[in-house]
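Architecture and fold: a report
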Amino acid sequence: PAAAPSLHCADLSPGRLADYLHFFDHVAFSDNPRWASCYCYFPLHDPRVIRWHDRQGPDNRAAVQAAVAAGTARGVLAYQGGAVVGWCSAGPWSQYPMLHGETPPDAATLGVVFCFVVAPGARGQGVATALLDAACRSLQRQGLAAVVARPTKDAQGAAANHLGPLALYLKAGFSVQGETADGVVLVRKALTAVGA
């Protein structure tokens with residue numbers, strides 16, 4: 001579906017932290033309270049030093065605040081009518097400690113699209129498509145040459161598709177690089193053709 005005319009995306013920055021926190025405090029997981037404590041810190045945590053299941057919402061909220069202030073949390077917010085309606089965690093490979101056990105040869109120039117969260121009332125309106133496009137443009141502006149993601153092949157429902165639906169990536173020009181036994185598909189796109 002086409003994005004609504006009033007939809008626009010912006011990179012996360014310290015100046016947009018209040019918008020990010022309001023989205024995660026009140027909107028992001030309003031239909032999935034089991035995940036409400038995440039604040040999208042999960043992709044940023046280092047499993048070598050942090051036991052994820054021991055963490056609470058306030059821990060993750062504070063950690064995200066610190067990461068945004070330090071510039072180590074990156075991604076794109078989608079706005080509609082002045083309110084955040086979506087989020088995509090996207091940054092350089094080095095931003096995600098949980099990936100460091102499988103560092104590819106081109107990690108220094110590789111971006112990662114990790115998670116999507118779209119407000120319940122804004123789903124099916126092109127928000128994820130706009131976020132993915134904006135994320136790719138942002139990664140290119142950061143000097144990265146390619147981007148990877150790991151959607152789940154047969155994910156059903158919004159929560160299960162938090163890594164983005166496979167069809168979303170294929171429509172955006174990503175190509176399949178491989179698939180794991182549990183249905184995770186590695187997709188990749190060169191950023192050289194993406195507009196600034």
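Throughout what follows, the structure given in this document is the object of discussion. Computed from a prediction, not measured in an experiment: that's the story for all the values here.

**Quick look at the sheet that holds strand β1 (residues 8–11)**
- Taking strand neighbours across the sheet as the criterion, the seven strands line up as β1-β2-β3-β4-β5-β7-β6 in an open arrangement whose pairing is mixed. Bordering the open sheet on either side are β1 and β6 (175–179), each of which pairs with just one other strand. For this sheet, the mean inter-axis angle between neighbouring strands, taken without regard to orientation, is 25 degrees.
- Alignment of strand β2 (residues 75–80) against strand β3 (residues 83–92), held across six bridges, turns out to be antiparallel. Across the sheet, residue leucine 77 finds its bridge partner in β3, namely tryptophan 87.
- Packed onto the sheet, helix α1 (residues 17–27) meets β2, β3 and β4 (110–118) and runs at close to 110 degrees relative to β3.

**What about helix α3 (residues 127–141)?**
- The end-to-end C-alpha distance of α3, which contains 15 residues, comes to 21 Å, matching closely the 21 Å that a straight helix rising 1.5 Å per residue would cover.
- For α3, the complete set of buried residues consists of Val127, Ala130, Leu131, Leu132, Ala134, Ala135, Cys136, Ser138, Leu139 and Gln140.
- Looking one or two residues beyond α3, the residue adopting positive phi is glycine 143, at roughly 90 degrees.

**A short note on the packing of α1 against helix α2 (residues 57–70)**
- Two elements in contact, α1 and α2, have axes separated by 11 Å at closest approach and are oriented at 160 degrees. Comparing the axis directions of α1 and α2 gives the class roughly antiparallel. In this structure, α1 crosses over α2, and the sense of that crossing is right-handed. Together, Leu17, Tyr20, Leu21 and Asp25 of α1 and Arg61, Val64, Gln65 and Val68 of α2 make up the contact between the two elements.
- When the residues that make up the contact of α1 with α2 are grouped by side-chain class, the tally is five nonpolar, one polar and two charged.

**Thoughts on the packing of aromatic side chains**
- Under the definition given, this model contains 11 aromatic pairs.
- Aromatic pair phenylalanine 116 and tyrosine 169: ring centres 6.3 Å apart, planes at 70 degrees, arrangement edge-to-face. With phenylalanine 116 in strand β4 and tyrosine 169 in helix α4 (residues 166–171), this pair connects stretches of sequence that are 53 residues apart. Just as phenylalanine 116 is buried, tyrosine 169 falls in that class too.
- Residues tyrosine 169 and phenylalanine 174 carry aromatic rings whose centres are separated by 5.1 Å and whose planes lie at 75 degrees to one another, so their mutual orientation is edge-to-face.
- Within the aromatic cluster, the residues linked to one another by ring pairs are Tyr20, Phe23, Phe24, Phe29, Trp35, Tyr39 and Trp87.

**Some details on the environment of arginine 150**
- Looking at the element boundaries, arginine 150 is found in the loop between β5 (146–149) and α4.
- In this structure the C-alpha to C-alpha distance between arginine 150 and leucine 7, which are 143 residues apart in sequence, comes to 25 Å.
- Those residues in contact with arginine 150 that lie beyond four places of it in its chain are Glu102, Leu163, Val184, Val185 and Leu186.

Thresholds, definitions, all that
- Residues numbered from 1 in each chain as written.
- Predicted model: local features only at pLDDT ≥ 70, side-chain atom pairs only at ≥ 80, totals over all residues.
- Heavy atoms only, no water.
- Pairing = 2+ DSSP bridges.
- Helix = DSSP H or I, 4+ residues; strand = E, 2+ residues; numbered from the N terminus.
- Axes fitted to C-alpha atoms, helices over the stretch in contact; angles between N-to-C directions.
- Contact = heavy atoms within 4.5 Å.
- Expected span 1.5 Å × (residues − 1).
- Buried < 20%, exposed > 50% of the residue type's maximum accessible area, 1.4 Å probe, protein only.
- Parallel < 35°, antiparallel > 145°, perpendicular 65-115°, else oblique.
- Left-handed = near helix turned anticlockwise from the far one by under 90°.
- Nonpolar A, V, L, I, M, F, W, Y, C, P; charged D, E, K, R; others polar.
- Phe/Tyr/Trp six-rings, centres within 6.5 Å; stacked < 30°, edge-to-face > 60°.

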